[in-house]
Every structure is written in C-alpha cells, then in structure tokens.
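Chain by chain, the residues:
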Amino acid sequence: MIETMKCLVKSKPETGLWMEERSVPEIGDDDVLIRIAKTGICGTDIHIWNWDEWAQKTIPIGLIIGHEFVGEIAEVGCNAKNLKVGQRVSGESHLIGRQSRQSRAGRFHLDPETHGIGVNVDGAFCEYLKFPAFNVVPLPDAITDDIGAILDPLGNAVHTALLFDLVGEDVLITGAGPIGIMAAAVVQHIGARHTVITDVNQQRLDLAAKLSDVVTVNVTDTDLRDVIKTLDMKQGFDVGLEMSGNEQAFEQMVESMITGGRIAMLGIPKGVSTVDWTPIVFKSLTIQGVYGRQIFETWYKMIALLESGLDISPIITHRFSAEDFEEGFGEMIGGNSGKVVLDWNN
Ligand code: NAD
Ligand code: ZN
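So, here's what we can say about the structure.

Thresholds, definitions, all that
- Residues numbered from 1 in each chain as written.
- Chains lettered and ligands numbered in written order.
- Predicted model: local features only at pLDDT ≥ 70, side-chain atom pairs only at ≥ 80, totals over all residues.
- Heavy atoms only, no water.
- Near = heavy atom within 4 Å.
- Polar contact = N/O pair within 3.5 Å; in protein donor to acceptor, adjacent residues only side chain to side chain.
- Areas by Shrake-Rupley, 256 points an atom, 1.4 Å probe, with all protein chains shown as cover.
- Helix = DSSP H or I, 4+ residues; strand = E, 2+ residues; numbered from the N terminus.
- Nonpolar A, V, L, I, M, F, W, Y, C, P; charged D, E, K, R; others polar.
- Donors = N, O, S within 2.8 Å, 3.2 Å for Na, K, Ca; no water.
- Buried < 20%, exposed > 50% of the residue type's maximum accessible area, 1.4 Å probe, protein only.
- Pairing = 2+ DSSP bridges.
- Salt bridge = Lys/Arg side-chain N within 4 Å of Asp/Glu carboxyl O.
- Phe/Tyr/Trp six-rings, centres within 6.5 Å; stacked < 30°, edge-to-face > 60°.

### As for the site of ligand 1
Turning to step 1, where the next piece is worked out: Neighbouring residues of ligand 1: 21 residues in total, closest Asp199, Arg204, Leu266, Val290 and Gly292.
Turning to step 2, where the next piece is worked out: With respect to ligand 1, the backbone of Pro178 contributes an N or O atom lying 3.3 Å from an oxygen atom.
Turning to step 3, where the next piece is worked out: With respect to ligand 1, the side chain of Arg204 contributes an N or O atom lying 2.9 Å from an oxygen atom.
Turning to step 4, where the next piece is worked out: Starting from 860 Å² of accessible surface for ligand 1 in isolation, the protein chains cover 78%.
Turning to step 5, where the next piece is worked out: Among the secondary structure elements, those contributing two or more residues to the shell around ligand 1 are helix 6 (178–189) and strand 12 (195–199).
Turning to step 6, where the next piece is worked out: Grouping the constituent residues of the shell around ligand 1 by class yields 10 nonpolar, 9 polar and 2 charged.

Right, dumping it as structure tokens:
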C-alpha cells in the first residue's frame, strides 16, 4: 500500500507553488480515492501562483491546488456502490451543499454554499485525490486522458454556449482564451450560422482557427463593424458570449448586438468596471451571468458532443510531466498558450 504522494502546494504566501510529499488521504464512506493521471492548469491556478489580491483573500496556506483532472478510481467508500476500482473518471470540482432552496430543487450549480477543490479544500494536483462519490463523472473510452483533464473548462464553454438558442444564429465571442476558443468550436458544432471571435492576441486567434472555421478578428487592427458588413449580416449578432473579462470587449459586444440580442457573460472583469447602460436599455438586451457549469447536465451534454464528433484536441498546446510544473505554469503565464496539461503518471 502506497502511503505518501507528491502534491503541488501553496506552501508560502508569495509567488510560486511547491512540490511536497504528503500522506495519501484517507477516504470517508461517501468518497472515492482517485489516482490522478493528468491535470489541466487553469487561469485560477495562475491567480494562485501569482498570489494576487483574490488569491490572498481566498487560498489557505498549505492548500493542494488544482481542479481540472482525470484519473482512475483506486479505492471506493462503502456507500459509493455505483462506482468501481479501476474506472476512469473526471469530476465536478464544485462541492455543493444540500440545504439551500436551489440545491433542494436540483439546481445544484446555483447553490450558494458551493466550495471548490483546489480553492477552498485540497485539490487535484497530486497523485491521489480524495473526492466525493457524488461528484464523480465516469468517462467513456472514447474520451482520452488528455481531453478528460480539460473537461472542467470545456464545461464552462458548453454551459455558456447552450444558455441561449443559437442554431442558425450569428454569434460573437469576445476573448480567444482557451474557453473562448473551445466555445467557438462548440457553437460551430451545434449549428450557428456565423461565429466570430475577437482578441488582441494574434497567436490565440490563430489557435482558434485550428479548432473550427470561426471568423477571427484582431480588434487591434480590424474594425468589427467591417466584419459584420463582409459577412452580409443585416443588424449585428443575435447572441454574444463574453469570455475576455475585458471592459472594451464588452462595450464592443453591446455595440454590435441586434436589438433584443442576448449576452451570456462568463468573463470576470477585473475590479469595478464602467458600463454605459443606455445602449443596453435601448436595444432591450438580455445579459445573463454564467458561473461554472450545470451539475450534471453540462457533463452529459459535453460528453455527448465529444462523442458526436466535436474535436477540441488542438487546444492542448503544451504537455509536461508534473515534475516540470514550473515550465507549464511559465507557458500559461506567457499568455499565448492554449491548455497546458501535466502528467502525473510515473
Ligand atoms: P484568458 O484570460 O486566457 O482569456 C481571455 C482572453 O481575452 C485573452 O486571450 C485576452 O487576450 C483576451 N482579450 C483581452 N482584451 C480583449 C479585447 N479588448 N477584446 C477581445 N479579447 C480580449 O481566460 P480563459 O481561461 O479563457 O477564461 C475566459 C474568461 O472567463 C476569464 O475572464 C475567466 O476569468 C473567466 N472564467 C469564468 C468562469 C465562471 O465560472 N464565470 C470560469 C472560468 C473562467
Ligand atoms: Zn478551471
């Protein structure tokens, strides 16, 4: 029986992360122990690495970080009768309460008592993860470990893309980060007419074009209004997915929506932002905030989309052994990568 494991820890209140040796966690009756195979580095992990204001307020020192993972069940608690040792799994990183009105009505993703692995409790950047059986999502063989490791952010993309009906509609995505790029592929796969993605970073727009035939627009040198004309759109976009967290990008989105258009807002603006409400009112726009993903409906849908031919594999631009985590974080901090996957197999 293995007793200790490697794990990536926020050991000190300063920039960086440290590989530590810890005891393999003991599981409870309602838990499973997952032997981690691969993990994805998320923007959240970069906030934790950088020890920014949010991280300082949120992350307890000594926390094992990470929440995007795939692995194999190594041990099953006595109440987890539906799961088996050896099963390949990923899982919902948000741990929900069971008492709120939302949770009791089955709207798990809206539970206000939600806390996250790798943010509030020990996370998945380790060899063995203690995880509630309720949160486990078994994976079909068709989903590789690489893709299994990034289902969490794909879930953000799918949940946002499915919020409004966009079959046959013209869709604008602002922000070609990993989530925006995956969202563009999803939107195309499910049958939007035109899909346009904007960014200020050409490398990321080029990556977006590798995943789908989305129209890419670098807003530093191209006017979005010209693109609308070129595509022969009459008024503007029917649906907007805000995935940059950038104030100018949001302003540009509002400006290019049709009257009665709908915006799903996943991007998290830095601090307080200025919003000109007048065009939002006059255009009767709907703006819906989006957090996480539906538990477990989005998991069902995204696995089905992958099984029906959605290919997001080019979004993984870098792979490292977990030992080389510093290089992986370096690529993410550089701001030009897609997803970076760490391999925990020895
Ligand atoms: P990211 O930071 O990698 O990507 C954001 C992209 O926006 C970058 O490529 C950046 O160059 C681009 N951008 C900057 N200025 C722009 C402008 N003026 N116009 C267009 N694009 C511009 O982030 P990500 O990991 O892909 O996540 C996307 C957003 O969603 C982030 O804001 C993140 O914080 C947020 N997020 C929210 C949730 C949630 O549950 N609500 C979950 C995950 C991520
Ligand atoms: Zn994530």
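### Some remarks on the coordination of the zinc ion (ligand 2)
Turning to step 1, where the next piece is worked out: At this site the zinc ion (ligand 2) is bound by Cys42 (SG), His67 (NE2) and Glu68 (OE), with donor distances of 2.2 to 2.5 Å.
Turning to step 2, where the next piece is worked out: Mapped onto the sequence, the donors of the zinc ion (ligand 2) take the spacing C-x24-H-E. Placement of Cys42 in the loop between strand 3 (31–41) and helix 1 (43–50) and of Glu68 in strand 5 (residues 68–76) is noted, with a sequence separation of 26 residues between them.
Turning to step 3, where the next piece is worked out: With relative accessibility at 14%, the residue Cys42 sits in the buried group.
Turning to step 4, where the next piece is worked out: Look at Glu68 and you get buried, because its relative accessible area is 1%.

### As for the sheet that holds strand 2 (residues 18–23)
Turning to step 1, where the next piece is worked out: Strand order in this open sheet of 3 strands is 2-1-4, and the pairing throughout is antiparallel. Either end of the sheet is taken by a strand with one partner, and the two such strands are strand 2 and strand 4 (63–64).

### Comments concerning the pattern of salt bridges
Turning to step 1, where the next piece is worked out: A complete count under the given rule lists 13 salt bridges for this structure.
Turning to step 2, where the next piece is worked out: Glu20 is the partner of Arg22 in a salt bridge, and the nearest nitrogen-oxygen pair spans 3.2 Å.
Turning to step 3, where the next piece is worked out: On the basis of relative accessibility, which here comes to 24%, the residue Arg22 falls in the partly exposed class.
Turning to step 4, where the next piece is worked out: Residue classification places Glu20 among the partly exposed residues on the basis of a relative accessible area of 24%.
Turning to step 5, where the next piece is worked out: We note a salt bridge from Arg319 to Asp146, for which the minimum N-O separation is 2.8 Å. In this pair, Arg319 sits in strand 17 (residues 316–321) while Asp146 sits in helix 4 (residues 145–148), placing the two residues 173 residues apart along the sequence.
Turning to step 6, where the next piece is worked out: When its relative accessible area of 49% is taken as the criterion, Arg319 is described as partly exposed.

### Some thoughts on the packing of aromatic side chains
Turning to step 1, where the next piece is worked out: Applying the stated criterion across every chain yields a total of 4 aromatic pairs.
Turning to step 2, where the next piece is worked out: An angle of 80° between the planes, with centres 5.2 Å apart, marks the rings of Phe69 and Phe131 as edge-to-face. With Phe69 in strand 5 and Phe131 in strand 9 (residues 128–132), this pair connects stretches of sequence that are 62 residues apart. Note on accessibility: Phe69 and Phe131 belong to one class, buried.
Turning to step 3, where the next piece is worked out: Between Phe108 and Phe134 the ring centres are 5.5 Å apart and the planes differ by 80°, which places this aromatic pair in the edge-to-face class. One end of the pair, Phe108, is in the loop between helix 3 (101–104) and strand 8 (115–116); the other, Phe134, is in the loop between strand 9 and strand 10 (136–138), with 26 residues separating them in the sequence.

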